[in-house]
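Topology and contacts: notes
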Amino acid sequence: MFELLKTDARTKARLGRLTTAHGVVDTPVYMPVGTQGSVKAIDPRELREMGTQIILGNTYHLNIRPGLDIIRAAGGLHHFINWQQPILTDSGGFQVFSLAKIRKIKTHGVEFRSHLDGSPLFLGPKEAMEIQRALGSDIAMAFDECPPHDAPAKEQCLAVERTIHWARECREQPRANGQLVFGIVQGGSNAALREECAKAVVAMDFDGYAIGGVSVGEPEPEMLKAIEMTEPLLPANKARYAMGLGTPAQMVELIARGVDMFDCVLPTRVARNGTAYTRRGAIGIKGGAYKADFGPIEKGCDCFACRNFTRAYLRHLLNVNEILGLRMLSVHNSHMYLKLMADVRGALAAGTFAEFYRDFIAGYVPSRRILSARAAATLER
């Protein structure tokens, strides 16, 4: 159940509360991604200490490994991974997009060839819901088709038709005790298709709604436009989830446009390449300019990495391929995302989100540009 607590007077930003079988989630919220049952390089204790409220798992990957027999024997996904707070599971619909070379889309679902050994695997709405029921996730996602952003118009139309049809089948399937199910709106950057899909899926009365088919390679203005054309079509009394997004600035932009929930692999993915997110933009810690920089990753950050290690030491670890380096950047980046959401919620509660939004976006260098050491130092002053 979602409770809308407050809407910002000058933007569409919302303060809310989502109640699930394993606890309450305050929104807006960032959900760390644990595709295979683990948020990469971070353990559950660290996630709890950072203030993580909910994490993600992936239906396609968990079904292949370790398999449902093991997870059932463990007592469900929560017990298997030692995480007793809420979990959202993706239905596997994104793999229809990301694994396009090893799948065939049919009317009743998708035929895959396992990315591991090529063995056949079928995933449709019934199968996706059955797997998520066995996982016991708090929020299960409907099975959908996510086409490339530049797919031909006919392909986009067919994807919307299938998404609507599959959503109806997902809605009819049994679910785990207390499990919520979210519908997904597709349609690319086509306003008419977005409207068609949204109206049909909203009429099915899901527990929440996701905006799919964004951040799949399209330019950022096109992504923002897709969100803007979809948001007015979603009910105000249900949670809104932008799937697979985004950078810190993108999340703040989308909160201002009425989105409540986000997931993104970026915090841990870029950490493995030596990149750290800060309130001012992304910085490349591996660079030589940080060789003798004995300050923290980000001045004022109270994460474990910033309280205990310097840029110089972390740069050294990254350049000699010590695991601690990528772990600490993963900790910092994840903490930064979670703290940003906590600050957004605080600003919404205080009625100051519009000022927060303006100042954050004005001070943030887009992530396509990695800040040099000199630029990062200048911004910190």
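All of the points below concern the structure found in this document.

The rules we used
- Residues numbered from 1 in each chain as written.
- Predicted model: local features only at pLDDT ≥ 70, side-chain atom pairs only at ≥ 80, totals over all residues.
- Heavy atoms only, no water.
- Buried < 20%, exposed > 50% of the residue type's maximum accessible area, 1.4 Å probe, protein only.
- Helix = DSSP H or I, 4+ residues; strand = E, 2+ residues; numbered from the N terminus.
- Pairing = 2+ DSSP bridges.
- Right-handed = clockwise from strand over helix to strand, strands pointing away.
- Polar contact = N/O pair within 3.5 Å; in protein donor to acceptor, adjacent residues only side chain to side chain.
- Contact = heavy atoms within 4.5 Å.
- 1 Å grid on protein atoms, 1.4 Å probe; cavity = no way out; pocket = protein on both sides within 12 Å on 5 of 7 lines; lining within 4 Å.
- Points joined across faces, edges and corners; volume = space filled by probe spheres on them.
- Nonpolar A, V, L, I, M, F, W, Y, C, P; charged D, E, K, R; others polar.
- Axes fitted to C-alpha atoms, helices over the stretch in contact; angles between N-to-C directions.
- Phe/Tyr/Trp six-rings, centres within 6.5 Å; stacked < 30°, edge-to-face > 60°.
- Core = buried A, V, L, I, M, F, W, Y, C linked by side-chain atoms within 4.5 Å.
- Disulfide = S-S within 2.5 Å.
- Salt bridge = Lys/Arg side-chain N within 4 Å of Asp/Glu carboxyl O.

Points about the pairing of strand β12 (residues 208-211)
The side-chain alternation of β12 yields two buried faces, one formed by G208 and A210 and the other by Y209 and I211. Across 4 bridges, strand β11 (residues 180-185) lies against β12 in parallel orientation. Across the sheet, residue G183 finds its bridge partner in β12, namely Y209. The parallel pair β11 and β12 is bridged by helix α8 (residues 191-202), and the resulting crossover is right-handed. Relative to strand β13 (residues 239-242), β12 runs parallel, the two sharing 4 bridges. Of the residues in β13, the one forming a bridge with I211 is A242.

Here's the deal with the side chain of T89
Among the secondary structure elements, T89 is positioned in strand β6 (residues 87-90). Judged by relative accessible area, which is 0%, T89 ranks as buried. In this structure the side chain of T89 is engaged in a polar contact, spanning 2.9 Å, whose partner is the side chain of Q132. Of note is the side chain of T89, whose polar atom sits 2.7 Å from the side chain of S137. T89 has contacts with G57, T59, L77, Q132, L135, S137, I139, A140 and M141, leaving out every residue within four places of it along the chain.

Some words on the layout of surface pockets
The method is simple in principle: a probe with the dimensions of a water molecule rolls over the atoms, and the space it marks as empty is what remains. The space that makes up the largest pocket amounts to roughly 1200 Å³. Around the largest pocket, the lining is made up of 47 residues, and of these F94, G244, C264, V265 and R269 lie nearest the centre. For the lining of the largest pocket, the secondary structure elements donating two or more residues are β5 (55-58), α5 (93-98), α10 (248-256) and α11 (266-271). Broken down by element, the residue count for the lining of the largest pocket peaks at 4 residues, all from α5. In terms of residue class, the lining of the largest pocket is made up of 18 nonpolar, 19 polar and 10 charged.

Quick look at the sheet that holds strand β2 (residues 14-20)
The antiparallel open sheet is built from 3 strands, whose spatial order is β1-β2-β3. Looking along the sheet, the strands with just one partner apiece sit at the ends: β1 (2-7) and β3 (23-27). Pairs of neighbouring strands in the sheet enclose a mean axial angle of 15°, with direction left out of account. Where β1 and β2 come together, 5 bridges link them in antiparallel fashion. In the sheet register, K6 faces β2, and the bridge partner there is L15.

Describing the packing of aromatic side chains
Taken as a whole and judged by the stated rule, the model has 11 aromatic pairs. Between F206 and Y209, the aromatic rings sit 6.3 Å apart at their centres with planes inclined by 85°, giving edge-to-face as the arrangement. Accessibility classification places F206 together with Y209 in one group, the buried group. Ring pairing ties together the aromatic residues F353, F356, Y357, F360 and Y364, which thus form one cluster.

Points about unusual backbone geometry
For the bond from T27 to P28, the omega torsion is 5°, close enough to zero to count as cis. Tracing the backbone through its elements, the reader meets P28 in the loop between β3 and β4 (29-31). Omega for the bond connecting L245 with G246 falls within 30 degrees of zero, at -5°, which places this linkage in the cis form. Along the polypeptide, G246 turns up in the loop between β13 and α10. Even without being a glycine, N82 presents a positive backbone phi close to 60°. If you trace the backbone, N82 turns up in the loop between α4 (77-81) and β6. A relative accessible area of 48% means that N82 is categorised as partly exposed. Positioned with a positive phi, D205 is a non-glycine residue whose angle comes to about 60°. Position of D205 among the secondary structure elements: in the loop between α8 and β12.

Some remarks on the nonpolar core
Formed by 93 residues in total, the largest nonpolar core has its most connected members in L254, F262, I297 and F353. Residue contacts for F353: discarding those within four places in its chain leaves D8, T11, A13, V252, I255, A256, V344, A347 and L348.

Some remarks on the state of the cysteines
As used in these notes, a disulfide is a covalent bond between sulfur atoms, one from each of two cysteines. The full count for this structure, using the stated rule, is 0 disulfides. C264 takes part in no disulfide bond, and the closest cysteine sulfur, belonging to C146, lies 14 Å away. For C264, a relative accessible area of 5% corresponds to the buried category. Summary of cysteine pairing: C306 is not part of a disulfide, and the nearest cysteine sulfur, belonging to C303, is at 3.7 Å. Since its relative accessible area comes to 9%, C306 is described here as buried.

Topic: the pattern of salt bridges
Enumeration over the complete set of coordinates arrives at 19 salt bridges. Put simply, K12 and E231 hold a salt bridge, and the shortest N to O gap is 2.8 Å. With a gap of 219 residues between them, K12 in the loop between β1 and β2 and E231 in the loop between α9 (220-230) and β13 connect regions that are remote in the sequence. Under the relative-accessibility criterion, E231 is labelled buried at 8%. For R45, the salt bridge identified is with E49, shortest N-O distance 3.4 Å. Remark: E49 and R45 occur in helix α1 (residues 44-50); sequence separation between them is 4 residues, near one turn of the helix. Owing to a relative accessible area of 60%, E49 belongs among the exposed residues under this scheme. Among the charged side chains, a salt-bridge network with shared partners connects K12, E231 and R240.

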